[in-house]
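What follows is each chain in one-letter form.
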Amino acid sequence: METFERNEKGSMMAEGVSVSSLALQYGTPLYIYSEKALRDHFSEFDKSAGDFPHLICYAVKANSNLSVLRLMASLGAGFDIVSGGELARVLKAGGDTAKVVYSGVAKTEKEITFALDAGILSFNVESEAEMERISSIAAAAGKTARVSVRVNPDVDAGTHPYISTGLKSNKFGVPVERAFSLYKRARDLPGLEIAGIDCHIGSQLTSLAPFEDAIDRLIRLIDRLREEGINLKHIDVGGGLGVVYNNEVPPSRKAYMETILKKIQGLGLLLICEPGRSLVANAGILVSRCEYLKEGELTDFCIVDTAMNDMIRPSLYQAWMKIEEAEADESIPEKVFNVVGPVCETGDFLGKERSLRVKPGDFLVMQGAGAYGFSMSSNYNSRTRPCEVMVSGTEHRVIRRRESPEDLWRGEEL
Ligand SMILES: *Cc1c(COP(=O)(O)O)cnc(C)c1O
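About the thresholds
- Residues numbered from 1 in each chain as written.
- Predicted model: local features only at pLDDT ≥ 70, side-chain atom pairs only at ≥ 80, totals over all residues.
- Heavy atoms only, no water.
- Pairing = 2+ DSSP bridges.
- Helix = DSSP H or I, 4+ residues; strand = E, 2+ residues; numbered from the N terminus.
- 1 Å grid on protein atoms, 1.4 Å probe; cavity = no way out; pocket = protein on both sides within 12 Å on 5 of 7 lines; lining within 4 Å.
- Points joined across faces, edges and corners; volume = space filled by probe spheres on them.
- Nonpolar A, V, L, I, M, F, W, Y, C, P; charged D, E, K, R; others polar.
- Domains from an automatic or database assignment.
- Contact = heavy atoms within 4.5 Å.
- Buried area = accessible area lost by both parts, 1.4 Å probe.
- Salt bridge = Lys/Arg side-chain N within 4 Å of Asp/Glu carboxyl O.
- Polar contact = N/O pair within 3.5 Å; in protein donor to acceptor, adjacent residues only side chain to side chain.

## Considering the sheet that holds strand E2 (residues 12–14)
Thought 1: Overall, antiparallel pairing links the 3 strands, which are arranged E1-E2-E3 in an open sheet. Two strands in the sheet have a free side with no partner beyond their single neighbour: strand E1 (4–6) and strand E3 (17–18).
Thought 2: With 3 bridges joining them, E1 and E2 adopt antiparallel strand pairing. Considered in E2, the bridge of Arg 6 is made with Met 12.

## Concerning empty space enclosed by the protein
Thought 1: Scanning all chains against the criterion turns up 1 cavity of 30 Å³ or more.
Thought 2: What the largest cavity holds in volume is close to 40 Å³.
Thought 3: Around the largest cavity, the lining residues are Leu 286, Ser 288, Thr 306, Ile 323, Val 339, Leu 350, Leu 364 and Met 366.
Thought 4: Broken down by class, the residue content of the lining of the largest cavity amounts to 6 nonpolar, 2 polar and no charged.

## Structural notes on the domain arrangement of the protein chain
Thought 1: Annotation of the protein chain at the domain level lists domain 1 (4–33 + 281–408) and domain 2 (35–278).
Thought 2: Each of domain 1 and domain 2 has a C-alpha centre, and the two are 32 Å apart.
Thought 3: Contact with domain 1, which involves 25 residues of that partner, is made by 20 residues of domain 2.
Thought 4: Both sides together, the interface formed by domain 1 and domain 2 hides about 2000 Å², and carbon and sulfur atoms give 53% of it.
Thought 5: One can count 0 salt bridges joining domain 1 with domain 2.
Thought 6: Counting every contact that joins domain 1 to domain 2 gives 12 residue pairs in polar contact (both at pLDDT 80 or more).
Thought 7: At the level of elements, helix H11 (313–317), strand E20 (387–392) and strand E21 (395–400) are the ones that each hand at least two residues to the side of domain 1 that touches domain 2.
Thought 8: Among the elements that take part in the side of domain 1 that touches domain 2, E20 stands out by supplying 4 residues, more than any other.
Thought 9: When its residues are assigned to classes, the side of domain 1 that touches domain 2 shows 12 nonpolar, 7 polar and 6 charged.

See the structure below:
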C-alpha cells in the first residue's frame, strides 16, 4: 500500500497531488489511479522473468478502463479476457490481439467468431463441448483456432470460496484426467492447433504452495502429452497473486515469478501469466465524502456518498478494505463507525467498526480499490457511476467522466 501515502502535513497524496484537492476538483465518489504504481507493478513481474520467454497477460476484468489497458499495452502486456466485450476494449485501446488469451466457461458462437477473426493467441478451452464448437466454427470459416485446455488441478487455493476456482466443485476448467483425452480429441478435430496448457486456481492467494501444486500437476500432464506426441508451445499459470489489503503477507511479485520459473525451467515452453489484482489493486483508491454522522443503538454510522454500486467487494465477499481520512485532523475525537452508503440494502457498507476522526464534509480514502472496483460497479439505485482519474507525478486527467443522468437511461424508450 506504498503508493498512496501521507505527506508530512498529514495529507494523503496520490503521487504528487493531494487527494483532497482532486476530490474537490472532480467531486466524489472518485477513483484515483497512480500511473507510476501501474508501471512499477508491471515491471516487477516483467523484470523478474528476465530473459526467460514470457508474456504477461493482464486480466482485463480487474480494471478494464481504456487508459489502463492502453498503458498496459504500451508496457508490452498481453491480455487475459473473459468476454467479447473485453476483446472489444482491448481492440479499442490499441492492444495486440496476437497477445490475447481468452478464458471463460460460456463463450458464445458470436464471441468465438469475433476472437477468431481478431487472431487471438489462444482460446483457453473449458469443456469438451466448447472444444467442438470452436473446431466447427473455425473449420467452417477456413481458419485455425489456437487452443489450450484450462485444466482444473483440484488444489485448494486457501482463499474465499467465491474467488477460489481450482477445486473439483468449481465450474471452471477440465479435470486433469479428462484433459488428457480432450487433447487427443483436439488433435483429431479440424480447425484447431494445440497451443498450450492453462490453469487459474483462484484469486488473492497469499501463499505460493497452491501455485506450485497446480504447476506440478500441469507438468505431469505435459509429460504424458509429450509421450503421446502432443507438444505444447506455452504454459499459462493463470493469475491470482494476492495483495495487501490489511495484514496479509503475500509473496512478492519477484518471489512468485522466481518460484514459477524454477518449476518450469526445463520445459522449453513460453510462460504466460495472467495477473489482475496484483497489477492494479494497490494502484487505485476510491474517495468518498462523509455526508452525515448518525448515532445508532449499537453502532454509530458514518454515512458516505459512496455505495456498494461503486465498490461491491465488502458487500459481496465480506472483503476488508482499509478506510482512512484524506486529511489527518487530531482535533476531531476518534470514534468507531460502520461506514455505510446511500443504497437501500442492509448489505450496503464499505467497512465495519472502523476508528475514524471524521466530520461531515471530510473525504475518506479506501485503499486497494484499483482492482474489482469500478469494473464491478453498477447503476443500482439509479446512481451515476464515479469519475476515474489518472495521476502521473503532479499531473492528472480524467480517464472516465462522471456519468450524467442521461447515461442512466441511455438506450431506453419512453
Ligand atoms: C480473474 C482471472 C484472472 C486474474 O485474477 P487475479 O486474482 O485478479 O490476478 C486471471 N485469469 C483468469 C482466467 C481469471 O478468471
